[in-house]
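One-letter residues, chain by chain:
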Amino acid sequence: MTTLQPVASNCIWYGESHKIGEHAQNLAYTGEALPLNDEAAEAVFARRCPTFYKEYKGENGDEELKLCCDAQQVHTMDSGLTQADGVYSRCPTCTMNMAQTVCAMTCAQNHSLFLTAYFDLNPDGVDFVEHIDYRLEDATVQGIYNSCSGIQHPQTGRPAMDLGCGAFNAKTCTYRRWYHFMGDAENSDYVPFVINYMWSEDADEGSDAIYLQLNTLDCGQSYEGNYACACIDCADSCPLTDAPTGYQPPWQIAGLYGITFIVALVIAVAIMVFIAWGATGHRKASNVCMPTLYGEFLYLGCRAWGTFCAKHPVLVLALCSWVIGGLAYGVVYMKVTTDPVELWASEESQTRIEKDYFDQRFGPFYRTNQLFVKPIKTDTFTHETSDGVLTFGPAYEQSFLQEVFELQEQIMQLGMDEDAGLDKICYAPVLYPGVTPTVDDCLIQSIYGYFQNDMSKFLNYYVDNDNYTINYLNQIEDCLRVPMMEDCFSTYGGPIEPGIAVGGMPEVPVGEDPDYMLATGLVLTFLGKNQVDETLLEPNFVWEKRFIDFMKNYTSERLDIAYSAERSIQDAIVELSEGEVGTVVISYVVMFVYVAIALGRIRSCLGFLRDSRIMLAVSGIVIVLASVLCSLGFWGYIGITTTMLAIEVIPFLVLAVGVDNIFIMVHTYQRLDHNRYATIHEAIGEAIGQVGPSILQTASSEFACFAIGAISEMPAVKTFAMYAAAAIFFDFLLQITAFVALMAIDEQRYRNGRLDMLCCVRSKKSNGDSSHEVGVLEKLFKNFYAPFLLKKPVKIIVLVIFTVVTCLSLMVFPSVEPGLDQEMSMPQNSHVVKYFRYMDELLAMGAPVYWVLKPGLNYSQPEHQNYICGGVECNNDSLSVQLYTQSRYPQITSLARPASSWIDDYIDWISISDCCKYNITTGLFCPSNSKSSDCSPCEREFTEDGLRPSSDTFDKYVPFFLSDLPDAECAKAGRPSYADAVIYTLDDDGLATILDTHFMQYSTTSTTSDKFVSALREARRVQGEVNAMFAENGIETELFPYCVFFIFYEQYLTIWDDALVSLGLSLAAIFIVTLLLTGFDITSALIVLFMVICILINMGGMMWAWSITLNAISLVNLVVCVGIGVEFVAHIVRSFKQAQGRAQQRALHSLTVTGSSVLSGITLTKFAGIVVLAFSKSQVFQVFYFRMYLGIVLIGAAHGLILLPVLLSLLGPFDNLTKQQRRHSNESQ
């Protein structure tokens, strides 16, 4: 090899010698520049090198163009710059800056001043330039790099420098590394020969070497006749905008909602002052009146009804059985769903409408089958390289990786022997239309792809000349840093995204890339095609089932695995329902046993079967279950879909609600002096007359609350409330008909001395009547509890404690967190629970957000293109620019990267002459990399400024763009990224009309409800701003964001508003119901309302203390709390109202008589059934049914049996009872 000693200011080459591979080499030449006598080449040189062209042509432009390159070299230079255009052409200033150094190297008249050539002999024995030294000023190349460093690559949302800086990504790239890569022929297939760049700052002191210095422009500046870079690619071009502020929480005090904090504090102080005032001295209680307008009417109506049903039990039971049978048959028409979307998203909700729109146009989101794999061994280790010692996380230990890769290979082979493998159902985006995929074509996000799924490549290693071991770790380090390197592409033809394939790295601020080399786990993602028509998904279901079964049986000593298939959640919902059957049945049995024992008045073991009411208890429970069956059948006829969870919970709920009425009716009947009534039916009628109005009141309140719960937009909650409301309604009807009839039959059995369950057997000793007898619980209340509670010191303590607790609850209630963690809805032993936990730990990249743009734009018109594109001449408030701007604040917007933009890539693709090709015979599409003689470059036309294709060109070649696969020559080809993103129709001339499109943008990682809600809230804000831009410009189109998770979290945007409305309506409903059914007794209605509000507030405090989140399930439970709360209050208030004497005496009476029934029939009954739910396998049951229902029972009982009697005892004298009410009171006394 010889160094060519050039003459000053001369050439080092001229003309091309031969080719090495596909690259032309240059002939050595040391003479002066020669004329370029070729018009086409001169035009190319003028376009590519306008600065040199203007200088060489002189001021008047008439001088002969002399260059150190011939026409062929000019065209070769243009071809090389065209490759760079595929990456950098979005920023004209960048490409013009970069082209100056290429033009100077290739054609400058004096390039021997800054180039040193090294030549060798070509095959013909002639000297050619083998490699060169290129001397450059650091400041010049730094300026070029600065103008290019901000350019984005729309398809990936990554900076273009991730593709253009070799083994360095955009964050680690520098101007020297960038130019070194562009001169590294050994490691780059696109460099024709070695270019050894030499830098002015490294020159020896006193050196007289000349370093090329050029005038470059910043990206925000433009060359003459050209354009500056756009905002997305150049921060200097962006308009000044305020950063988004994000959601601003309300004013807080000590972390609590400020308004309720102040209100609670004021209320607490006021009540404490009142209590202190009342506690000092003897104050006369205020005289509170409880008037009623038609209470006797309700009494008489209920008594007549009870008498009729008890007198004609057979007829009543026959009619009831016919009704039950007719309604129950509707169960055969009942529809049960396990689809999560059908469960949690209303058909009228915005996200559901948007999901359906997206699915119908673009197809449903991929079916995701995923593994999270962690090593048992968690130690980090090091690897020595020429760049220093690298530290790797435990996820990269060789034996662990080898086993993971072997596991991946086994999964890839599942079903292949039966021709039902992954290749039949997978998503394979990098294939030409009509090509049948193989398993290697399937998109599998796994770092095994860095080795092209080849175990031999993974295991290969060698020792280099510097004695460093080069093995799999070097490849992993390179690919994690720059996944866009072609050596890192997987067999499917695209990159492996580190943020999707590895996880568990140390946390970094939002928006920054973590250190992927410190990963503690791997993620393997197998994407499957999805279909709107589920009948077409049978092959997917089969493969996913095979995948789940395989993983269930897979064991390893090295791997800790969590896995999930697309069908896993649906399977888990079924598993949850089936798994809770035992728990629910045990709950029913416990309640049944308690009711069977407690309902009777058993005097001795010998008289057990005579005194017990087991058959009556069984009948009561059968009536409750029959009401549930009627509800299922009723809605089945109508066609309302339900869930297995509702079918299991509603019987329990109705049983808990309904059994108390049984106790109250039976106990009221037992307290009567039966000697005063000639017949059984008259006595039963009297009992129903006394308690019927309060039973009607509580049932109506519960029905109204469930009916209000049915206004929820969440289908699972809505149908639950509808089915429960109907069950409550039917239960009430059957209790005041069938159960009354059964009471009459059972009482007749008792008076005849027949044994319970053995009615054909008579006992030896038989009393003809059933005398009035007080139960044990009532005795305890009368002799101990009631007198103790109503002592003045105790009453003061009670008032103080309840005031403090209620006010504290009011302070913390608004701080209850909205949300429902995903894993809570799954059985605890489900593999999905572990998957959700590992997803929180290992997932480093959020789900994609698709910005869907509806029809309304004429995409072939540059004016309309400017509303959505992000390149040169696009509007500063265009869709792409706004999405880019939002991605700069990921900690607020949850948008991690700029959005992909098919229209920007299409404009870049169509502007490169060799990218768009057509078959000259058929006129159809040809791939850009086709070398067929039948394929020719497309005939293109552009607008006057040359920036955009003409309208016809745009419409004609959109299908070609969406069919072409990217390569080094045409990196912007759109099929992998955009084939499903653009919906268009073709007219008779083959011109496309674009209808719907979407722009995909990755989000930051969201694993908790509040993060998902925040992401959705911000997406809605961005949607509003973009749509406002369209409206201002008179564009009739609409943008909306779609993410596969948004549909489950929309409810939380308005959950507090919904809660206030639902609870407000529920409270209004019980007030109106109580007012109507107490004969417009405003005092009773206000007392009931006040007590229920207190119960509700304390439930909120319990939710905060017990970490129960606010969601549609807990909201319905709060509505249920309002309804059930009436039961703890209404009966005692009615008993107090009918009693005689001063307030203290009436409070004692109501607590003794009715309070004992409330404790036995409501509190203990519900408590017995609820405790069993604590052993449920489902966290939904444990948290939202066990904890909340336990809270409802305990808090309701505390208010009804402790606070309410104390308050009633303070109401003062009351002497305006009606005669009928006095008689009722005497009767109960």
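Residues numbered from 1 in each chain as written. Predicted model: local features only at pLDDT ≥ 70, side-chain atom pairs only at ≥ 80, totals over all residues. Heavy atoms only, no water.

## Some details on the overall build of the protein
From N to C terminus, the protein includes 40 helices and 28 strands. Buried residues in the protein amount to 57% of all 1229 residues. For the protein, the proportion of contacts with a sequence separation of at least 24, taken over those separated by at least 6, is 75%. Accessible surface, the protein as shown: approximately 50,800 Å² in total, 56% of it carbon and sulfur. (Helix = DSSP H or I, 4+ residues; strand = E, 2+ residues; numbered from the N terminus. Buried < 20%, exposed > 50% of the residue type's maximum accessible area, 1.4 Å probe, protein only. Contact = heavy atoms within 4.5 Å. Areas by Shrake-Rupley, 256 points an atom, 1.4 Å probe, with all protein chains shown as cover.)

## Describing the state of the cysteines
Going through the model one piece at a time under the given rule, you end up with 14 disulfides. The disulfide that involves C165 links it to C173, with 2.0 Å between the sulfurs. Of note, the bridge from C165 to C173 carries an S-S torsion of about 80 degrees and is right-handed in sense. As far as the burial class goes, C165 and C173 line up, both buried. Shown here is the disulfide that connects C926 with C935, its sulfur atoms set 2.0 Å apart. Around the S-S axis, the bridge from C926 to C935 shows a dihedral of about -65 degrees and counts as left-handed. (Disulfide = S-S within 2.5 Å.)

## Brief notes about the sheet that holds strand 26 (residues 982–986)
Taking strand neighbours across the sheet as the criterion, the four strands line up as 26-27-22-28 in an open arrangement whose pairing is antiparallel. The two strands at the open ends of the sheet, each matched to only one other strand, are strand 26 and strand 28 (1039–1042). Neighbour-to-neighbour, the strand axes of the sheet open up by a mean angle of 20 degrees, direction not taken into account. The strands touched by helix 29 (residues 879–887) are strand 22 (848–853), strand 27 (992–1002) and strand 28; relative to strand 27, the strand with the most contacts, the crossing angle is about 5 degrees. (Pairing = 2+ DSSP bridges. Axes fitted to C-alpha atoms, helices over the stretch in contact; angles between N-to-C directions.)

## A look at the sheet that holds strand 23 (residues 917–919)
Ordered by their spatial adjacency, three strands build an open sheet running 24-23-25, and the pairing between neighbours is antiparallel. For this open sheet the edge positions go to strand 24 (925–926) and strand 25 (935–937), each flanked by a neighbour on one side alone. As defined by bridge partners, strand 23 adjoins strand 25 across three bridges and the pair is classed as antiparallel. Residue K917 lies in a different strand from strand 25, and its bridge partner there is P937.

## Thoughts on helix 32 (residues 951–961)
Because the α-helix completes a turn every 3.6 residues, residues three or four places apart line up on one side. With eight of eleven residues buried, helix 32 lies mostly within the body of the structure. What helix 32 keeps buried is the set T953, F954, D955, Y957, V958, P959, F960 and F961.

## Digging into the packing of helix 26 (residues 792–812) against helix 39 (residues 1179–1208)
Interhelical geometry of helix 26 versus helix 39 gives an angle of 120 degrees and a closest axis separation of 10 Å. By the angle between their axes, helix 26 is oblique relative to helix 39. As helix 26 runs across helix 39, the sense of the crossing is left-handed. Residues K795, V798, L799 and F802 of helix 26 form the contact with helix 39, whose participating residues are A1198, H1199, I1202, L1203, V1206 and L1207. (Parallel < 35°, antiparallel > 145°, perpendicular 65-115°, else oblique. Left-handed = near helix turned anticlockwise from the far one by under 90°.)

## Considerations on the confidence of the model for the protein
In the predicted model, the protein carries a mean pLDDT of 88, and the fraction of residues at 70 or more is 93%. Per-element confidence in the protein ranges from a low mean pLDDT of 44 for helix 40 (residues 1219–1228) to a high of 97 for strand 28. This model gives residues 765–771 a pLDDT under 50, and the stretch forms 13 contacts once residues within four places in sequence are excluded. Contacts of residues 1213–1229 to residues separated by more than four positions or lying in other chains number 42 contacts, the stretch itself having pLDDT below 50. (pLDDT = per-residue confidence, 0-100.)

## So, the packing of helix 5 (residues 138–148) against helix 7 (residues 175–182)
Helix-helix packing: each pair is described by the crossing angle between the helix axes and the interaxial distance. At a minimum axis distance of 9 Å, the contact between helix 5 and helix 7 shows a crossing angle of 90 degrees. Regarding the angle of helix 5 to helix 7, the classification is roughly perpendicular. When helix 5 is examined against helix 7, the residues D138, V141, Q142, I144, Y145 and C148 are found in contact with a partner set consisting of Y175, R176, W178 and Y179. In the contact of helix 5 with helix 7, the residues fall into seven nonpolar, one polar and two charged. (Nonpolar A, V, L, I, M, F, W, Y, C, P; charged D, E, K, R; others polar.)

## Points about the packing of aromatic side chains
If you walk through the whole model with that rule in mind, you get 58 aromatic pairs. Measuring from ring centre to ring centre gives 5.6 Å for W543 and F547, while their planes differ by 5 degrees; the resulting arrangement is stacked. You can see W543 and its partner F547 sitting in helix 17 (residues 538–553), four residues apart, about one turn around the helix. The same class applies to W543 as to F547, namely buried. (Phe/Tyr/Trp six-rings, centres within 6.5 Å; stacked < 30°, edge-to-face > 60°.)

## What about the pattern of salt bridges?
Here the structure, examined in full by the defined rule, presents 39 salt bridges. Between E342 and R352 there is a salt bridge, and its shortest N-O distance comes to 2.9 Å. Of this pair, E342 sits in helix 11 (residues 340–344) while R352 sits in helix 12 (residues 350–362); the two residues are ten residues apart in sequence, bridging distant segments of the chain. E342 sits in the partly exposed class, given a relative accessible area of 31%. With relative accessibility at 5%, the residue R352 sits in the buried group. A salt bridge links D549 to K545, with the nearest nitrogen and oxygen atoms 2.9 Å apart. Linking D549 with K545, this pair stays in helix 17, spanning four residues, or about one helical turn. Residue K545 is classed as partly exposed on the basis of its relative accessible area, which comes to 37%. Where salt bridges share partners, they join R47, R48, D78 and D85 into one cluster. (Salt bridge = Lys/Arg side-chain N within 4 Å of Asp/Glu carboxyl O.)

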